[in-house]
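One-letter residues, chain by chain:
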Amino acid sequence: MPRYLIFILAYCLGAIPFAYLAGQLKGIDVRRHGSGNIGTTNAFRLLGVKMGILVLLGDFLKGAMAAGLGLWAYGAWGGIIGGFLAMASHSFNPFFGFRPSGKGVAAGFGIITVLMPKIMFLAIGVFLLVVLITRFVSMGSVAGALTVLITVFVFPEPLAYRVFGVVAVLAVLILHRANFKRVLKGTEHRFGDKKIS
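This is a predicted model, so every value here is computed, not measured.

Parameters and conventions
Residues numbered from 1 in each chain as written. Predicted model: local features only at pLDDT ≥ 70, side-chain atom pairs only at ≥ 80, totals over all residues. Heavy atoms only, no water. Helix = DSSP H or I, 4+ residues; strand = E, 2+ residues; numbered from the N terminus. Buried < 20%, exposed > 50% of the residue type's maximum accessible area, 1.4 Å probe, protein only. Contact = heavy atoms within 4.5 Å. Areas by Shrake-Rupley, 256 points an atom, 1.4 Å probe, with all protein chains shown as cover. Patch = residues over 30% accessible without salt bridge, like charges linked within 9 Å, V, L, I, M, F, W, Y side chains within 5 Å. Salt bridge = Lys/Arg side-chain N within 4 Å of Asp/Glu carboxyl O. Core = buried A, V, L, I, M, F, W, Y, C linked by side-chain atoms within 4.5 Å. Axes fitted to C-alpha atoms, helices over the stretch in contact; angles between N-to-C directions. Nonpolar A, V, L, I, M, F, W, Y, C, P; charged D, E, K, R; others polar. Polar contact = N/O pair within 3.5 Å; in protein donor to acceptor, adjacent residues only side chain to side chain.

Time to look at the overall build of the protein chain. Broken down by element type, the protein chain carries 9 helices and 0 strands. N-terminal to C-terminal, the α/β element order of the protein chain is α-α-α-α-α-α-α-α-α. Counting only C-alpha atoms, the protein chain reaches 45 × 35 × 25 Å along its principal axes. Across the 197 residues in the protein chain, those meeting the buried criterion constitute 47%. Within the protein chain, residue pairs in contact and separated by at least 24 positions form 63% of the contacts whose partners lie at least 6 positions apart. By element, 73% of the accessible surface of the protein chain is carried by carbon and sulfur atoms, the whole surface being about 9900 Å².

Written as structure tokens, this is what we have:
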């Protein structure tokens, strides 16, 4: 297989809608409930902890595999291109008309785990701390992303990874605009709240 086809595979990996598929097993269309996203947080909220963990692992692994394939084929720049493609197809899923469908945070953590494991541990630590304090997964995701943005310039990372840090974090911030508004209005759901029927 020509190596450039790896990028097509990376895009296809990112497009696998694990939350949607898990919801179908329970007779729930996650696009029509909760936040309407096919992401991990909505899966936890609507489908419960067990299904949520499975979706988390699926989203994490598709990001990790996409970045790993690109890294193997073309080095650092290949890794971030593969990662970007996976995040793009998750967040604007081709199976659902390319509409905004997820924020790509779990997939992003998978990408960072492969490319920048030291930074990943710091980012997840900050994410967990913020979620523990505020119970807002969205704010934990943003805090974790900002940690990546800062530390990617603190550690001696390749230029490719710094580009990924800047672009990916900007994407996370933009995709969380609605969450910021709900937090300010006091309508943002907190982790652990009762599942939405």
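Take the environment of Leu9 next. Mapped onto the elements of the fold, Leu9 is located in helix α1 (residues 5-14). Separated by 96 residues in the primary sequence, Leu9 and Val105 place their C-alpha atoms 20 Å from one another.

Moving on to a nonpolar patch on the surface. Side chains of Val49, Ile53, Leu54, Leu57, Leu61 and Met65 sit close together on the surface and give an oily, nonpolar patch of about 560 Å² of accessible area. Structurally, Met65 is set in helix α4 (residues 49-91).

Bringing the nonpolar core into the picture now. Ranked by size, the top nonpolar core spans 21 residues in total, and within it Ile112, Leu115, Met116, Tyr161 and Phe164 carry the most contacts. Of all the secondary structure elements, the ones that give two or more residues to this core are α4, α5 (105-115), α6 (117-134), α7 (137-154) and α8 (159-175). Ignoring sequence-local partners within four residues, the contact set of Leu115 consists of Ala67, Leu71, Gly79, Ile80 and Tyr161. In this structure, Ala19, Ala22, Ile38 and Phe96 belong to the second largest nonpolar core, which totals 11 residues.

Take unusual backbone geometry next. With a phi close to 60°, Phe98 is a non-glycine residue in the positive phi region. Structurally, Phe98 can be placed in the loop between α4 and α5. One non-glycine residue, Arg135, lies in the positive phi region at around 65°. Summarising the element assignment, Arg135 is placed in the loop between α6 and α7.

Right, let's talk about the packing of α5 against α6 for a bit. For the pair α5 and α6, the least separation of the axes is 6 Å and the interaxial angle reads 145°. The residues of α6 that touch α5, namely those facing Phe109, Ile112, Thr113, Val114 and Leu115, are Pro117, Ile119, Met120, Ala123, Ile124 and Phe127. Classifying every residue of the contact of α5 with α6 gives 10 nonpolar, 1 polar and no charged.

Taken as a whole, this structure holds 3 salt bridges when the rule is applied. Asp59 is paired through a salt bridge with Lys62; the nearest N and O atoms lie 3.3 Å apart. Here Asp59 and its partner Lys62 are both found in helix α4, 3 residues apart, which amounts to about one turn of the helix. Connected through salt bridges with shared partners, the residues Asp29, Arg31 and Arg32 form a single ionic network.

Let us look at the side chain of Asn42. Structurally, Asn42 can be placed in helix α3 (residues 40-47). A distance of 3.2 Å separates a polar atom in the side chain of Asn42 from the backbone oxygen of His33. A polar contact of 3.0 Å, which involves the side chain of Asn42, links it to the backbone oxygen of Asn37. Asn42 has contacts with Val30, His33, Gly34, Ser35, Gly36, Asn37 and Leu47, leaving out every residue within four places of it along the chain.

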